[in-house]
Amino acid sequence: MYQYDVIDQTIVNERVSQFRDQTARYLNGKLTDDEFRPLRLQNGLYIQRHAPMLRIAIPYGLLSSKQLRKLADIADRFDRGYGHFSTRQNLQLNWPKLEETPDILEELSKVEMHAIQTSGNCVRNITTDQYAGVAPDEIIDPRAIAEILRQWSTFHPEFSHLPRKFKIAVSGSKQDRAIVQAHDIGLEFYYDKEEKMAIRVWVGGGLGRTPILGSIIREHLEWHHVLTYCEAIIRVYNLHGRRDNIFKARIKILVKNLGIEEFRKQVEAEWLHLKNSPNTINENELKRVAKFFTAMPYEKLNDQDSTYDEAIQNNRAFASWVKRSVHLHKQKGYRTITLSLKPHGLAPGDATSAQMRIIAELADLYSFGELRVSHEQNLILADVKLKDIFKVWEKAKAHQLATPNIGLLTDIICCPGGDFCSLANAKSIPIATSIQEAFDDLDYLHDIGELELNISGCMNACGHHHVGHIGILGVDKDGSEWYQVTIGGKQGNDASIGTVIGPSFAADEMPGVIKKLINVYIEHRDPEERFIDTVRRLGINPFKEYVYA
Amino acid sequence: MLNSQLILNQSIIQDEWTFVPLPNANEEVKKQAGKLVLYKLTGESQPSELQINETVIPQTGKIILPLRVYLKNRNTLQARLKNDEISLWFATHEILEPLLASEKNINVFPLIAVFSERFQDGRIFTLGNLLRTRYQFTNILRACGDILQDQLFYLKRSGFDSYLIKAGKDSNEALKALQSFSEPYQGAVDIKNPVWKRKVRS
Ligand code: HEM
Ligand code: SF4
């Protein structure tokens, strides 16, 4: 993975001093709340229900075991011994103290980490496919460009105070796992007819209160120009995006109002001036960064291991975990493993400091000391030998990290909701846990098959409910908490936004509603058909009728 | 309360310019549907005819005039302009095209100031960049309005070299912020090249 040189380290150190000074000025009254707000937000610090919340950047979801141990230590020393992995591949601490955040940032800087631009109206942490570099369907490993984008966007002076937040996702695989269509800019890498690396550029996607999938602004962009083209897009947005109404301030609204044709015209006109300007990337820089992301020193192995096969034969629990958690790998004899942070009955995406240390140890022992965070809020060991998988499972299982539910109904994506977030209309974690408890029968869960259930506590959509096969949204009705259900949302190349099935439900009705939706699916599904496919084939009516019957 | 203080490059100096404000508008605010962009509903008003006509132009000394007031009085101001007494200011939501259309060379102005009503309004950075890079403005570029210490570094990188710090804020402390980062990553107005073109990196 990328390693800091003295330039990166100096920037992060200078950031710690800068924020220490800003915090001190705030605490002694030299900065008002309004003046301090954007400064702390651009350092990932929210003021929340109980305490501040600190969002730590995990650039494109890549983490070393050393960094994870540091996060565990920070969670113990400055928080309550756990952290929350978010849908944007970051880590959130729910209980830090404002006065101590400069110290937390200093600790982070010792392991090449920071909280820069994890919130606020600026270019946020760049996200990508959690299987980058190891997925069999990968065309181009997007991580080198993601790192180049990270550096370029860090304290980009022109884009430090945009109308609203700005999220960029990159993807280089056949199956999109980075949801490029739900980002302000989505960059999709491919090889063009001349076998040169090129980029399809999406713009104007986003979830939140007005969910919109992005449009293609440029079908073919030579990779050298990725930074200047992004500059052209963001410049047009910076000048013309709305600043009078925060609910209409995202780029998606500008693109929608102008229409993609007009928006493209303006961006292309701007780009004529920026094209080939100094931020144009050259071969040397790409090479320099790409060398940090070359393949691991794999052993030459067969793509088959008898001890592994026997364990699957003889151990049903292991076999059912393998089915969900072990994924194919580019390299023969290796697999990628997802550790579930979704044990039934606990907050999705949470990990205790003890679990973080165990995972760090597993990474050191079996996966070259590296980890990934997925936007589904799980942790991933990318490079495990077949013969080691059973050992990983035993250890993971002993620490509640091996619930065999990856990609299944209880692998719920869930925002912090009313338990932690001051914007919430309703709690979301208890809904997740009550559904997990209602579907605790593993055989049944496996029979239902692939299903994505996403929950957000308000229309800000942190839990991506719009693109869940089943989406649940917390709504406020006369001061009490209700839940609206959508079905038919999907992420990926054929992304779609879900449709609301009807009036909302009370919290205690929710597990029953999900059961009814599943019953309709089981009754009508064709062999091998996933829930989402059945919904797409039949439309929402049969589901709606049964749920409200 | 501290008066508003002026930073030029790296030092605090006396302001030799008089800022000429627009009189307050009391007519209804009209939302501007901009000319070159179909969509520019940012909610701010452009100065009205009435405001422009009622602006009092000081007869002597170095003055910073509202862009629209200058354009309206352009002919009568030429002598003073030659005398380096006339500079301009405009707000972040105004469009530059009328200026560019009337002045072939904007370097006739010894100073251009961009007024930002709220420090969170990031348009000022793009405007600075455009004035320096596209329109080749080489004289003093001043940021004024809600100008605070913690945005100075970004302003400097966007081509500003003069900052009128908001009243009540300590300019000595603000000066330090110009040095926040020693080697920024990306190319911008002040340092053109990205760091990987300036330094050998491992
Ligand atoms: C607990 C404090 C949190 C607060 C106050 C908060 C605030 C917000 C707000 C205001 C939005 C809407 C922005 C917009 O539509 O322009 C939003 C969107 C979002 N947040 Fe959060 N959030 C919090 C936690 C989280 C967590 C824990 C995650 C990840 C699990 C997350 C991920 C996201 C995502 C993915 C979006 C949707 C972005 C989009 O529209 O493209 N947030 N958040
Ligand atoms: S979706 Fe709403 S409730 Fe949930 S974390 Fe985001 S802002 Fe808070």
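Note that the structure is a prediction, hence the values are computed from the model and not measured.

A lone protein donor contacts the iron atom of ligand 1, and this donor is A:Cys462 (SG), found at 2.2 Å. Its location among the elements puts A:Cys462 in the loop between strand S17 (453–456) and strand S18 (470–477).

What follows concerns helix H13 (residues 389–398) of chain A. Residues and elements named next belong to chain A. Of the positions making up H13, those classed as buried are Ile389, Val392, Trp393 and Ala396. Mapping the buried residues of H13 onto a view down its axis gives an arc of 100°, with all of them on the same face. The elements touched by buried residues of H13 are helix H10 (306–314), helix H11 (316–325), strand S11 (326–327), strand S12 (334–339), helix H12 (353–366) and strand S15 (379–385). Once H13 ends, the next one or two residues include Gln400, with phi positive near 60°.

Attention now goes to the domain arrangement of chain A. Residue and element names in this part refer to chain A. In terms of domain boundaries, chain A breaks down into domain 1 (6–109), domain 2 (134–290), domain 3 (310–398) and domain 4 (413–548). Centre-to-centre, using C-alpha coordinates, domain 1 lies 32 Å away from domain 4. On the side of domain 4, 11 residues touch domain 1, which itself brings 10 residues to the contact. Summing both partners gives a buried area of about 800 Å² for domain 1 against domain 4, and 48% of it is carried by carbon and sulfur. Along the contact surface separating domain 1 from domain 4 lie zero salt bridges. For the pair domain 1 and domain 4, the number of links is zero residue pairs in polar contact (both at pLDDT 80 or more). Broken down by class, the residue content of the side of domain 1 that touches domain 4 amounts to three nonpolar, six polar and one charged.

All names here are of chain A. Around ligand 1 sit 25 residues in total, of which Thr87, Lys165, Lys167, Cys462 and His464 are the nearest. Between ligand 1 and Arg164, the relevant distance is 3.3 Å, taken from an oxygen atom to a side-chain nitrogen or oxygen of the residue. Note that an oxygen atom of ligand 1 is positioned 3.3 Å from one of the backbone N or O atoms of Gly208. When grouped by side-chain class, the residues that make up the shell around ligand 1 number nine nonpolar, 10 polar and six charged.

This next bit is on the pattern of salt bridges. Counted under the stated rule, the structure contains 61 salt bridges over all chains. For A:Lys110, the salt bridge identified is with A:Glu107, shortest N-O distance 2.8 Å. Judged by its relative accessible area of 13%, A:Glu107 is buried. As a salt-bridge pair, A:Lys330 and A:Glu138 come within 2.9 Å of each other at their nearest N and O atoms. Residue A:Lys330 is found in the loop between S11 and S12, and its partner A:Glu138 is found in the loop between strand S6 (127–128) and helix H5 (143–153); the two are separated by 192 residues along the sequence. On the basis of relative accessibility, which here comes to 10%, the residue A:Glu138 falls in the buried class. Here the residues in one salt-bridge network are A:Asp5, A:Asp8, A:Glu147, A:Arg150 and B:Arg201, joined through shared partners.

Taken together, the contact between chain B and chain A spans 48 residues of the former and 54 residues of the latter. Note on chain B versus chain A: buried area summed over both sides is about 4600 Å², and carbon and sulfur give 53% of it. In this structure, B:Arg134 and A:Glu270 form a salt bridge, with 2.5 Å as the shortest nitrogen-oxygen distance. For the pair chain B and chain A, the number of links is 26 residue pairs in polar contact (both at pLDDT 80 or more). Elements with a minimum of two residues in the side of chain B that touches chain A: helix H5 (123–134), helix H6 (152–157) and helix H8 (195–198) of chain B. It is H5(B) that contributes the most residues to the side of chain B that touches chain A, seven residues altogether. Grouping the constituent residues of the side of chain B that touches chain A by class yields 18 nonpolar, 15 polar and 15 charged.

Quick notes on the rules
- Residues numbered from 1 in each chain as written.
- Chains lettered and ligands numbered in written order.
- Predicted model: local features only at pLDDT ≥ 70, side-chain atom pairs only at ≥ 80, totals over all residues.
- Heavy atoms only, no water.
- Donors = N, O, S within 2.8 Å, 3.2 Å for Na, K, Ca; no water.
- Helix = DSSP H or I, 4+ residues; strand = E, 2+ residues; numbered from the N terminus.
- Buried < 20%, exposed > 50% of the residue type's maximum accessible area, 1.4 Å probe, protein only.
- Arc of directions from axis to C-beta.
- Contact = heavy atoms within 4.5 Å.
- Domains from an automatic or database assignment.
- Buried area = accessible area lost by both parts, 1.4 Å probe.
- Salt bridge = Lys/Arg side-chain N within 4 Å of Asp/Glu carboxyl O.
- Polar contact = N/O pair within 3.5 Å; in protein donor to acceptor, adjacent residues only side chain to side chain.
- Nonpolar A, V, L, I, M, F, W, Y, C, P; charged D, E, K, R; others polar.
- Near = heavy atom within 4 Å.

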